[in-house]
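Structural overview for review
Chain residues, written in single-letter form:
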Amino acid sequence: MAQNLIVILDAIKSHWEVQQSSFIDANTQTLTLPLVINALKALSFALKIQHSENYMQIYIATGNTLVPELPENCKAIQGTIWKATARALCYINSAKIKARILVIQKSVVPGEQDIALNLMIAAQQLKTEIDGLAFTECEVLAKTSAFSGGVFMRQNSIGILQTLLQVYLPINRPRTPKMHFKPYCNCCNKQVDRAYVCSSCLAIYCFLQPNCTKCFSRLILPDCI
Ligand SMILES: [Zn+2]
Ligand SMILES: [Zn+2]
């Protein structure tokens, strides 16, 4: 069976300028963006060898900067990986194709859990698996993968090509074990077991507030409580 794969690559310049010295030895090669792009080219070749009709596209999330030269089958998306993932899901929906998504994340972005939650639900409705490969602690991506039935891995060495070929190439990939999804409170950004939910935008709060800070609706408790 032919596979369609859309790879979302975090290419935001500031993410790659930070030295992650904690998990990359000084005497090994540093993980760089060109190294990841080369590994993705090899993955694309391997997919073609696996099945001649396999097709891979790369969406490069560039933040606010422009990438001067793009490899073949690449598309630059201004914004974060989450925006690029949304674009990929829109494409899958409009083209009515069966595809899977692989998100490669270098660094977390603030406030990503809100957009990720919407994407998880969209991916579930489209029956699209979102695989995740992270180079740092990316909890939101791990949850997105687990929720959509994809596989998540944290890469802590430069052996990225091996990981791509062994984990993300096969049709029958391992599954991320089910995770406990505790939502984040909107006011304090902590995970909560029980919370108040805004009925218009579904934002949650650990205590009852007079107005929703997201959509500015008035929050009132029903009389029965
Ligand atoms: Zn709170
Ligand atoms: Zn609201």
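Residues numbered from 1 in each chain as written. Chains lettered and ligands numbered in written order. Predicted model: local features only at pLDDT ≥ 70, side-chain atom pairs only at ≥ 80, totals over all residues.

Digging into the pairing of strand β5 (residues 130-134)
Counted residue by residue, β5 has five buried out of five residues, so it is predominantly covered. Going residue by residue along β5, you find Ile-130, Gly-132 and Ala-134 tucked away on one face and Asp-131 and Leu-133 tucked away on the opposite face as well. Bridging between strand β4 (residues 100-105) and β5 involves five bridges; their strand directions are parallel. Residue Leu-102 lies in a different strand from β5, and its bridge partner there is Asp-131. Sheet analysis places β5 next to strand β6 (residues 152-154), joined by three bridges and oriented parallel. Bridging across to β6, Gly-132 finds its partner in Phe-152. (Buried ≥ 20, exposed ≤ 12 C-beta atoms within 10 Å, placed from the backbone. Helix = DSSP H or I, 4+ residues; strand = E, 2+ residues; numbered from the N terminus. Pairing = 2+ DSSP bridges.)

Here we look at the domain arrangement of the protein
What the domain assignment reports for the protein is domain 1 (4-168) and domain 2 (182-225). Once you take the C-alpha centre of each, domain 1 and domain 2 turn out to be 32 Å apart. (Domains from an automatic or database assignment.)

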